[in-house]
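Spelled out from the first residue to the last, the chains are:
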Amino acid sequence: MRRLLFLNGIKAFEAAARTGSFAAAGAEMNVSAAAISRMVNLLEQRLGVTLFERKANRLVLTAAGRTYQSGLTPIFDALASLTAQIMAPATARVLTLGVGPTFALKWLIPHLADFRQEEPGIEVRITTFGDAVPFGEDWSCGIKLGDGDWPGLVAEPLFEADLLPVCTPRLAASLKRPADLKGPSLLRVAHAAEDWPLWLKAAGVTRVTARGTEFQYYGQALQAAIDGLGVAMGIRPYIDDDLAAGRLVAPFALSVPKGERWYLVYRSFQAGQRDFAAFRRWITRAAAAQPASRASSRRDAAKKDAAL
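First, a word on what this report is: a plain description of the structure on this page. Numbering of residues starts from 1 in every chain and runs along the sequence as written. Selection of residues for local features in this predicted model requires a pLDDT of at least 70, selection of side-chain atom pairs for listing and counting requires 80 or more, and totals for whole chains, interfaces and linings are taken over all residues. For the side-chain quantities, the full set of heavy atoms in the structure was used; hydrogens and water were omitted.

**Some thoughts on the pairing of strand S5 (residues 141–146)**
Threshold: Burial classification: accessible surface area is computed with a 1.4 Å probe over protein chains only, and a residue below 20% of its type maximum counts as buried, one above 50% as exposed, and the rest as partly exposed. A helix here means a DSSP run of H or I that spans at least four residues, while a strand means a run of E at least two residues long, and both kinds are numbered starting from the N terminus. One bridge is not enough; two strands pair if DSSP finds at least two bridges between them.
Burial within S5 is extensive, with 5 of its 6 residues counted as buried. Bridge count between strand S3 (residues 94–99) and S5: 2 bridges; the pairing is parallel. Across the sheet, residue Leu97 finds its bridge partner in S5, namely Cys141.

Here it is as structure tokens:
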């Protein structure tokens with residue numbers, strides 16, 4: 001027989017641990033912060049374990065609390081997913097993807113027709129987010145750029161994020177060497193201030209500083225480059241279709257790894273769900289076919305050969 005101690009208290013603790021406060025947990029569970037505090041206190045008494053250290057204006061999980069929450073959150077996520085499945089119509093097959101706005105416009109949407117052809121019965125819903133937005137409760141999976149370390153999520157690498165400058169063919173005609181780049185014409189992305197210094201250093205250019213128009217997203221900077229406003233720092237896979245179509249060109253062959261990768265991220269319980277499994281197979285194949293992935297494979301092979 002299962003021994004479930006005070007389920008309301010467990011729910012209250014998990015919500016407080018995940019959100020970081022009794023007030024936020026109370027809003028989520030539609031009760032007062034004081035009610036959450038009482039339920040957590042009662043749970044601690046029944047367990048005989050302290051789960052939180054109460055600090056001024058904040059909660060700090062104890063070691064026992066961290067262990068308990070790391071196990072509880074996936075269980076509640078799986079329960080919510082299972083409940084949603086049985087409440088949905090038998091014919092409904094919906095996959096909700098969380099992606100950044102530029103990734104959606106520059107890669108995912110242009111390739112979704114291929115997935116639709118393979119899996120016409122799955123309805124794909126796309127929700128966009130910024131860097132600071134957490135993994136959505138209703139997401140089937142997400143695609144994120146980073147180091148692969150997102151607690152509570154499985155992260156599977158898709159492709160490298162390589163950097164190389166791009167511009168119109170007309171502007172490229174005046175760029176014979178990296179030193180010809182001029183700071184005011186170098187378009188910037190606010191959340192990726194390190195991109196231009198990283199590439200310029202690799203190119204051996206020491207007297208150029210990016211001072212061009214700053215944009216919030218890569219997609220805006222790339223559109224500005226297409227419109228002839230300047231040279232944008234391209235990042236793969238965003239630029240692959242524009243390069244193939246000739247809307248943009250890379251005036252220099254030097255491609256520099258950003259030091260991060262694109263990852264497919266999801267909660268572990270999603271792995272066994274058939275619609276997510278179908279999307280996972282498709283995007284893994286699609287990513288492997290990208291120029292960035294092929295270039296990465298060549299670099300890895302070269303490193304392996306050099307080590308022999």
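**Examining the pairing of strand S1 (residues 52–55)**
Two elements, S1 and strand S2 (residues 58–61), share 4 bridges in a ladder whose sense is antiparallel. Counterpart to Lys55 in the pairing with S2 is Arg58. The antiparallel hairpin formed by S1 and S2 contains 2 residues in its connecting segment, where Asn57 sits at a positive phi of about 65 degrees.

**Re the packing of helix H5 (residues 101–118) against helix H10 (residues 274–288)**
Applicable threshold: Axis definition: a line fit to C-alpha positions, over the contact stretch in the case of helices; interaxial angles, taken between N-to-C directions, run 0 to 180 degrees. Note that the term roughly parallel is reserved for angles under 35 degrees, roughly antiparallel for angles over 145, roughly perpendicular for angles of 65 to 115, and oblique for everything else. Crossing handedness is read from the near helix: turned anticlockwise from the far helix by less than a right angle, it gives a left-handed crossing, and turned clockwise, a right-handed one. Whether two residues touch is decided by their heavy atoms; if any such pair falls within 4.5 Å, the residues are in contact. In this classification, Asp, Glu, Lys and Arg are treated as charged, Ala, Val, Leu, Ile, Met, Phe, Trp, Tyr, Cys and Pro as nonpolar, and every other residue, Gly included, as polar.
Following both chains from N to C, one finds H5 and H10 inclined at 125 degrees, their axes separated by 11 Å at the closest point. With respect to each other, H5 and H10 are oriented oblique. The two elements H5 and H10 meet at a crossing, and its hand is right-handed. Where H5 approaches H10, its residues Trp107, His111, Asp114, Phe115 and Glu118 are matched on the opposing element by Ala278, Phe279, Trp282, Ile283, Arg285 and Ala286. Partitioning the contact of H5 with H10 into residue classes produces 7 nonpolar, 1 polar and 3 charged.

**Examining the side chain of Asp242**
Worth spelling out the cut-off: Within 3.5 Å is the distance limit for a polar contact, defined as a pair of N or O atoms, with the added protein rule that one can donate a hydrogen and the other accept it, and that residues adjacent in sequence qualify only through two side-chain atoms.
Within the secondary structure layout, Asp242 lies in helix H9 (residues 240–245). In this structure Asp242 comes out as buried when scored by relative accessible area, which is 3%. Looking at Asp242, its side chain comes within polar contact range of the side chain of Lys106, at 2.7 Å.

**Structural notes on the packing of aromatic side chains**
As a reminder of what qualifies: To pair, rings of Phe, Tyr and Trp, with the six-membered ring standing in for Trp, must have centres within 6.5 Å; the planes then decide the type, stacked if under 30 degrees apart, edge-to-face if over 60, and tilted in the middle.
Scanning the entire structure with this criterion turns up 18 aromatic pairs. Relative to Trp107, the ring of Phe103 lies with its centre 5.6 Å away and its plane at 40 degrees, an arrangement referred to as tilted. Within this pair, Phe103 and its partner Trp107 are both found in helix H5, separated by 4 residues, close to a single helical turn. Between Phe103 and Phe159, the aromatic rings sit 6.5 Å apart at their centres with planes inclined by 20 degrees, giving stacked as the arrangement. Taken together, the residues Phe103 in helix H5 and Phe159 in strand S6 (residues 154–166) connect sequence positions 56 residues apart. Both residues of the pair, Phe103 and Phe159, count as buried. These aromatic residues form a ring-pair network of at least three members: Phe103, Trp107, Phe115, Phe159, Tyr218, Tyr238, Trp262, Phe279 and Trp282.

**A few points about the sheet that holds S3**
Each strand in a sheet pairs with its neighbour through backbone hydrogen bonds, running either in the same direction (parallel) or in the opposite one (antiparallel). The strand order S4-S3-S5-S10-S6-S9-S7-S8 describes an open sheet built from 8 strands, whose pairing is mixed. The sheet terminates laterally at strand S4 (123–128) and strand S8 (214–215), the two strands that pair on one side only. The sheet contacts of H10 involve S3, S5, S6 and strand S10 (256–266), and relative to S10 the element is tilted by about 165 degrees.

**Overview of the pattern of salt bridges**
Convention followed: By definition here, a salt bridge exists when the distance from a side-chain nitrogen of Lys or Arg to a carboxyl oxygen of Asp or Glu is within 4 Å.
Following the criterion strictly, the structure yields 15 salt bridges and no others. Its salt-bridge partner being Arg188, residue Glu214 comes within 3.8 Å of it at the nearest N-O pair. Separated by 26 residues along the polypeptide, Glu214 in strand S8 and Arg188 in strand S7 (residues 186–189) bring together distant segments of the chain. Relative accessible area serves as the criterion here: at 48%, Glu214 is assigned to the partly exposed category. Judged by its relative accessible area of 28%, Arg188 is partly exposed.

**Some remarks on a nonpolar patch on the surface**
Where we set the bar: Surface patches are defined over residues having more than 30% relative accessible area and no salt bridge, joining like charges when they lie within 9 Å and nonpolar side chains (Val, Leu, Ile, Met, Phe, Trp, Tyr) when within 5 Å. Accessible surface area values rest on a Shrake-Rupley calculation with a 1.4 Å probe, where residue burial reflects the displayed protein chains alone.
Residues Leu105, Ile109 and Ile126 make up a contiguous nonpolar surface patch of roughly 280 Å² in combined accessible area. In this structure, Leu105 sits in helix H5.

**Here's the deal with the environment of Thr102**
Here Thr102 is to be found in helix H5. With a relative accessible area of 7%, Thr102 lands in the buried category. When the C-alpha atoms of Thr102 and Tyr218 are compared, they prove to be 6.3 Å apart, with 116 residues separating the residues in sequence. Those residues in contact with Thr102, other than ones at most four positions away along the chain, are Trp107, Tyr217, Tyr218, Gly219 and Tyr238. Here the side chain of Thr102 touches Gly219 through a polar contact of 2.9 Å, landing on its backbone nitrogen.

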